[in-house]
Amino acid sequence: MLENYDIDHLRQLEAESIKIIREVAANFQNPVLLYSIGKDSSTILKLAQKAFFPGKIPFPLMHIDTGYKFREMIEFRDYYVNKIEAKLIVEKNMSPEALGLKPQEAHTDYYIYHKKTKPLLDAIKKYNFDAAIGGARREEEKSRAKERIFSVRDEMGVWDPKNQRPELWSVYNTSLNDGQTMRVFPLSNWTETDIWAYIMLEKIEVVPLYFAQKRKVVKRNGVLIRLDEFNQASDGEEVLEVVCRYRTLGCSPSTGAVVSNATTVEEILQEVSVAKKSERENRAIDYTSESSMENKKKEGYF
């Protein structure tokens, strides 16, 4: 499959991303790499390793744990961080509001704010991080297409899409006023296909949930939800055994699987190269309103 792919294009994307990661290290006092455990995070970790080889990644990784992530994600997180000898910070909102949320609420704006947005903003203040690197890509979702690679947030963590800095000729303005922080997106110009081609090229390990296998699921709100410690079949729901996989990973109760027979990276690459819909079509958190993701980002969501 890779022989049909433009390797020079991948190497150009790689060089751009490594340059961006090095810009962060050179221009900020206390950066952090947000680690969501998904394929994009795994790609950024590989790029960061390359950026500072033979040294280690010079800043910590941080995972915002909602308590409802797939168990395979947490197992992979602990295994892989230990393997590459990176420093990991795990943050979790322990407030009564967050702890009182149930799995069935995982798609709501209230859940996203208390389980994801607030602990992220609190952690940035707690550790005095001035820049946070993440794996969002512009082609994922329409509001993310508005992002610059270096995206300034105000003292409240708010993103203003109408107040973005120009980045002509890949020249980045990394200056911050008092109280401001920066979100940085080294994968902005990558596509889902690019990610999987690079994973194949570099033999990057990823969470096994990306690969197809027979899973017990229920069809809920139009998507396939796996039965596990967070999700049980309700009265009237039919339990199905479906060969499926995940194109994107998030919280188990709000992330749907897709029917697929792809059990290798090459088969996944073939599948996504002809996909007609976004990988986030099975993420319920994106669709609570017409401008759902943009509103979340304005609140401080990554």
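What counts and what doesn't
- Residue numbers here run from 1 along each chain, matching the order of that chain's written sequence.
- Selection of residues for local features in this predicted model requires a pLDDT of at least 70, selection of side-chain atom pairs for listing and counting requires 80 or more, and totals for whole chains, interfaces and linings are taken over all residues.
- Processing note: side-chain calculations cover all non-hydrogen atoms of the structure and skip hydrogens and water entirely.
- Following DSSP output, two strands are said to pair if at least two bridges run between them.
- A helix here means a DSSP run of H or I that spans at least four residues, while a strand means a run of E at least two residues long, and both kinds are numbered starting from the N terminus.
- Residues qualify for a patch when their relative accessible area is over 30% and they have no salt bridge, like charges being joined within 9 Å and the nonpolar side chains of Val, Leu, Ile, Met, Phe, Trp and Tyr within 5 Å.
- In these tables, accessible area is a Shrake-Rupley quantity obtained with a 1.4 Å probe, and a residue counts as shielded only by the protein chains included in the view.
- The salt bridge criterion pairs a side-chain nitrogen of Lys or Arg with a carboxyl oxygen of Asp or Glu, the two atoms within 4 Å.
- Think of it in three bands: residues with accessible area under 20% of the maximum for their type are buried, residues over 50% are exposed, and the middle band is partly exposed, with areas taken using a 1.4 Å probe on protein chains only.
- A helix is expected to span 1.5 Å for every residue after the first.
- What makes two residues a contact is simply this: any of their non-hydrogen atoms within 4.5 Å.
- Simply put, an axis is a line fit to the C-alpha atoms, just over the touching stretch for a helix, and the angle between two N-to-C directions goes from 0 to 180 degrees.
- Roughly parallel means an angle under 35 degrees; roughly antiparallel means over 145; roughly perpendicular covers 65 to 115; every other angle is labelled oblique.
- In this analysis, rings of Phe, Tyr and Trp, with Trp reduced to its six-membered ring, are considered paired at centre separations within 6.5 Å, and the interplanar angle assigns stacked below 30 degrees, edge-to-face beyond 60, and tilted for intermediate values.

1. Focus on the sheet that holds strand E7 (residues 213-220)
Step number 1: The sheet built from 4 strands is open, its strands ordered E8-E7-E9-E10 with antiparallel pairing. If you trace the sheet from one side to the other, it starts and ends with strand E8 (223-226) and strand E10 (258-259), each paired once.
Step number 2: When strand E9 (residues 240-245) meets E10, the two strands line up antiparallel, connected through 2 bridges. Within E10, the residue paired with Cys244 across the bridge is Val259.

2. Side note on a nonpolar patch on the surface
Step number 1: A surface patch of nonpolar side chains, about 420 Å² in accessible area, is lined by Leu168, Trp169 and Val171.
Step number 2: Mapped onto the elements, Val171 comes out in the loop between strand E5 (150-153) and strand E6 (181-184).
Step number 3: Under the relative-accessibility criterion, Val171 is labelled exposed at 54%.

3. Section: helix H3 (residues 71-84)
Since one α-helical turn is 3.6 residues long, residues separated by three or four positions face the same way.
Step number 1: With 14 residues, H3 should cover 20 Å at 1.5 Å per step; its first-to-last C-alpha distance of 20 Å lies within 8% of that length.
Step number 2: Among the residues of H3, Glu72, Met73, Ile74, Phe76, Arg77, Tyr80, Val81 and Ile84 are the ones counted as buried.
Step number 3: Elements in contact with the buried residues of H3: helix H2 (39-52), strand E2 (61-64), strand E3 (88-91) and E8.
Step number 4: Two residues or fewer past H3, Glu85 is found with a positive phi of approximately 60 degrees.

4. Section: the packing of H2 against H3
Step number 1: Direction vectors running N to C along H2 and H3 enclose 5 degrees, while the axes themselves pass 13 Å from each other. Between H2 and H3, the angle is such that the two are roughly parallel. Contacts between H2 and H3 involve Ser42, Leu45 and Gln49 from the first element and Phe76, Tyr80 and Ile84 from the second.

5. Focus on the pairing of E6
Step number 1: Side chains Thr181 and Arg183 project from E6 onto one buried face, and the interleaved Met182 and Val184 project onto a second face that is buried too.
Step number 2: Sheet topology places strand E4 (residues 131-133) next to E6; 3 bridges connect them, and they run parallel. Across the sheet, Ala131 pairs through a bridge with Met182, a residue of E6.
Step number 3: When E5 meets E6, the two strands line up antiparallel, connected through 4 bridges. The residue bridging Arg153 from the neighbouring strand is Thr181, located in E6.

6. Quick word on the sheet that holds E4
Step number 1: Taken together, the 6 strands give an open sheet; going across it, the order is E3-E2-E1-E4-E6-E5, and neighbouring strands pair in mixed fashion. The sheet terminates laterally at E3 and E5, the two strands that pair on one side only. Recorded for the sheet is a direction-independent mean angle of 30 degrees between the axes of neighbouring strands.
Step number 2: Two strands pair when backbone bridges link them, and strand E1 (residues 31-34) and E4 are joined in this way by 3 bridges, in the parallel orientation. What sits directly across from Pro31, in E4, is Ala131.
Step number 3: Across the sheet, helix H1 (residues 7-27) is in contact with E1, E4, E5 and E6; its angle to E5 comes to roughly 40 degrees.

7. Section: the environment of Glu16
Step number 1: Mapped onto the fold, Glu16 is located in helix H1.
Step number 2: Taking the C-alpha atoms as reference, Glu16 lies 33 Å from Asn261; in sequence the two are 245 residues apart.
Step number 3: Once residues within four sequence positions are removed from consideration, Glu16 is found in contact with Tyr172 and Asn189.

8. Thoughts on the packing of aromatic side chains
Step number 1: Evaluation of the coordinates by the stated rule reveals 12 aromatic pairs.
Step number 2: Judged by centre distance (6.3 Å) and plane angle (25 degrees), the rings of Tyr68 and Tyr111 are stacked. In this pair, Tyr68 sits in the loop between E2 and H3 while Tyr111 sits in helix H5 (residues 109-126), placing the two residues 43 residues apart along the sequence. Across the pair, Tyr111 and Tyr68 agree in class, each one buried.
Step number 3: What links up through ring pairs into an aromatic cluster is the set Phe28, Phe150 and Tyr172.

9. Let's talk about the environment of Met200
Step number 1: As for its placement among the helices and strands, Met200 is situated in helix H6 (residues 192-202).
Step number 2: Among the residues examined, Met200 registers a relative accessible area of 22% and is labelled partly exposed.
Step number 3: Taking the C-alpha atoms as reference, Met200 lies 36 Å from Asn93; in sequence the two are 107 residues apart.
Step number 4: Contact partners of Met200, with chain neighbours within four places excluded, come to Leu2, Val265, Glu266 and Leu269.

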